[in-house]
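Okay, here's what each chain looks like letter by letter:
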Amino acid sequence: MSNESEMEEAFKALKERQLKVHLPNGIIDAQGKGTVDLSWQDNVGALLKTCQGILPNSWLELKALQTDLHWWGSIYDVAHYGVNPQIFLDADPEPFRNWSGIEGPFILQAGRIEPAKNQAMLCWALRETNIKIVLVGSKQHWPSYAELCKSISGNRVTIIEHLPQEMLASAYAASSAHCLVSWMDTCGLVSLEASLSGTPLVGSTFGHELEYLEKDAWLADPADPKSILAAVDSACNCNRNTGKALEMKKRSLNKFNWEASTSKTEDMYKLILS
């Protein structure tokens, strides 16, 4: 897009669910309809019907399998994502500060830089603020999308293509809030990782995050800049390890751990093989 007015029109169409995406194999609209060949969904649905059991990452994901792909099996359970407290719990923010040279408050989003993760809308929502944005993730598959983010936020956005887990943990701890206002995340492991540092979370109303985040994050419409700005502002004004951030940290420790996920997976295998 060549100028701000074109971006504003495109984002307005997105907010009103009128934007059509032009892909190499056709066009698709906000309702998932268009000229794109979606016959693959029938193949996936047929494949699922050969499964003896299903173990998705959320109950909402299970409902999507039943509704969209018409899976009707009777053996199922949910294994929620797990995160590793040995790496992410109460990490030290100083290593990231020293390595990056970034001073002062900033918000963080970890994940591939691509339209599904919605970084450009995050940048657009904050374009009239002085909030620093740090995006940690590969831009390999969507370099033009990364350039769009830069064109919106200028030198307020820092793009880091990769961080080792220990340094990423430090980045979570250094940030004022972790913001993942995406279009298609079950929750996002990165949000759970960030929560272990007591970092306030901003999530999306569009995916399955609600099942994980419940009332302990600030949720925003991924197509509405005002909604995103309000959520980011509220999260940044919440002290670390207090209120919602503390409650989310507790739930991640108690419920979203690899021991619980492994146990659910083991139980499913035992049930199927018995």
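Residues numbered from 1 in each chain as written. Predicted model: local features only at pLDDT ≥ 70, side-chain atom pairs only at ≥ 80, totals over all residues. Heavy atoms only, no water.

*Asks:* Lay out the pairing of strand E7 (residues 201-204) with the relevant residues and their values.
*Replies:* The alternating pattern of E7 places Leu201 and Gly203 on one face and Val202 and Ser204 on the opposite face, and all of these are buried. In terms of strand pairing, strand E6 (residues 177-179) meets E7 through two bridges, oriented parallel. Its bridge partner lying in E7, His178 is registered against Leu201. The β-α-β motif built from E6, the intervening helix H9 (residues 189-195) and the parallel element E7 has right-handed crossover chirality. Note that E7 and strand E8 (residues 218-220) share three bridges and pair parallel. Bridge pairing in E8 places Ser204 opposite Ala220. (Buried < 20%, exposed > 50% of the residue type's maximum accessible area, 1.4 Å probe, protein only. Helix = DSSP H or I, 4+ residues; strand = E, 2+ residues; numbered from the N terminus. Pairing = 2+ DSSP bridges. Right-handed = clockwise from strand over helix to strand, strands pointing away.)

*Asks:* Explain helix H12 (residues 243-254) to me, using residue names and the numbers behind them.
*Replies:* Between its first and last C-alpha atoms H12 spans 17 Å; for twelve residues at 1.5 Å apiece the expected length is 16 Å, and the two agree. What H12 keeps buried is the set Ala245, Met248, Lys249, Arg251 and Ser252. Along the axis of H12, the buried positions cluster into a sector of 165°, meaning they face one direction only. Of the surrounding secondary structure, the elements contacted by the buried residues of H12 are H9, E7 and helix H10 (210-213). (Expected span 1.5 Å × (residues − 1). Arc of directions from axis to C-beta. Contact = heavy atoms within 4.5 Å.)

*Asks:* Provide a residue-level description of the packing of aromatic side chains, including the pertinent values.
*Replies:* Evaluated as defined, the whole model comprises eight aromatic pairs. With centroids separated by 5.9 Å and ring planes inclined at 55°, the aromatic side chains of Phe88 and Tyr172 adopt a geometry described as tilted. Separated by 84 residues along the polypeptide, Phe88 in helix H4 (residues 85-88) and Tyr172 in helix H8 (residues 165-174) bring together distant segments of the chain. Pair check on accessibility: Phe88 and Tyr172 agree, each one buried. Taken together, the aromatic side chains of Trp59, Trp71 and Tyr76 make up a single cluster linked through ring pairs. Sitting above the plane of the Trp124 ring, Arg127 keeps its charged end 3.9 Å from the centroid. (Phe/Tyr/Trp six-rings, centres within 6.5 Å; stacked < 30°, edge-to-face > 60°. Lys NZ or Arg CZ within 6 Å of the ring centre and 35° of its normal.)

*Asks:* If you had to explain empty space enclosed by the protein to someone new, which residues and values would you point to?
*Replies:* Within the structure shown, the criterion is met by one cavity of 30 Å³ or more. Taken as a whole, the largest cavity holds about 30 Å³ of empty space. Together, Arg112, Ile113, Glu114, Ser138, Lys139, Gln140, His141 and Trp142 line the largest cavity. For the lining of the largest cavity, a count of residues per class yields two nonpolar, three polar and three charged. (1 Å grid on protein atoms, 1.4 Å probe; cavity = no way out; pocket = protein on both sides within 12 Å on 5 of 7 lines; lining within 4 Å. Points joined across faces, edges and corners; volume = space filled by probe spheres on them. Nonpolar A, V, L, I, M, F, W, Y, C, P; charged D, E, K, R; others polar.)

*Asks:* Just give me the short version of the pairing of strand E5 (residues 157-160), but keep the residues and values in it.
*Replies:* Where strand E4 (residues 132-136) lies against E5, four bridges are found, and the strand directions are parallel. What sits directly across from Val134, in E5, is Thr158. The parallel pair E4 and E5 is bridged by helix H7 (residues 143-153), and the resulting crossover is right-handed.

*Asks:* A description of the nonpolar core should follow, citing residues and the corresponding values.
*Replies:* Ranked by internal contacts, the top residues of the largest apolar core, which has 34 residues, are Phe11, Ile107, Ile152, Val202, Ile228 and Val232. Among the secondary structure elements, those contributing two or more residues to this core are helix H1 (4-15), helix H6 (119-125), E4, H7, E6, E8 and helix H11 (225-236). If one sorts the elements of this core by residue count, H6 sits on top with six residues. Discounting residues that sit within four places of it in the chain, Phe11 has contacts with Ala120, Met121, Trp124, Ile152 and Ala223. Membership of the second largest hydrophobic core comes to 32 residues, among which are Val83, Leu168, Ala169 and Leu192. (Core = buried A, V, L, I, M, F, W, Y, C linked by side-chain atoms within 4.5 Å.)

*Asks:* For the layout of surface pockets, give the residues involved together with the corresponding values.
*Replies:* Each pocket or cavity is described by its volume, and for the second largest pocket that value is around 360 Å³. In terms of lining, the second largest pocket is formed by 17 residues, of which the most central are Ala110, Gly111, Arg112, Val136 and Val190. The element best represented in the lining of the second largest pocket is H9, accounting for three residues.

*Asks:* Got a sec to walk through unusual backbone geometry? Specific residues and values, please.
*Replies:* Here the phi dihedral of His70 falls at roughly 60°; this positive angle occurs in a residue that is not glycine. Following the sequence through the fold, His70 ends up in the loop between helix H3 (59-68) and H4. Positive phi outside glycine occurs at Asp90, with the angle close to 50°. Topologically, Asp90 is positioned in the loop between H4 and helix H5 (94-100). The class of Asp90 is partly exposed, set by a relative accessible area of 47%.

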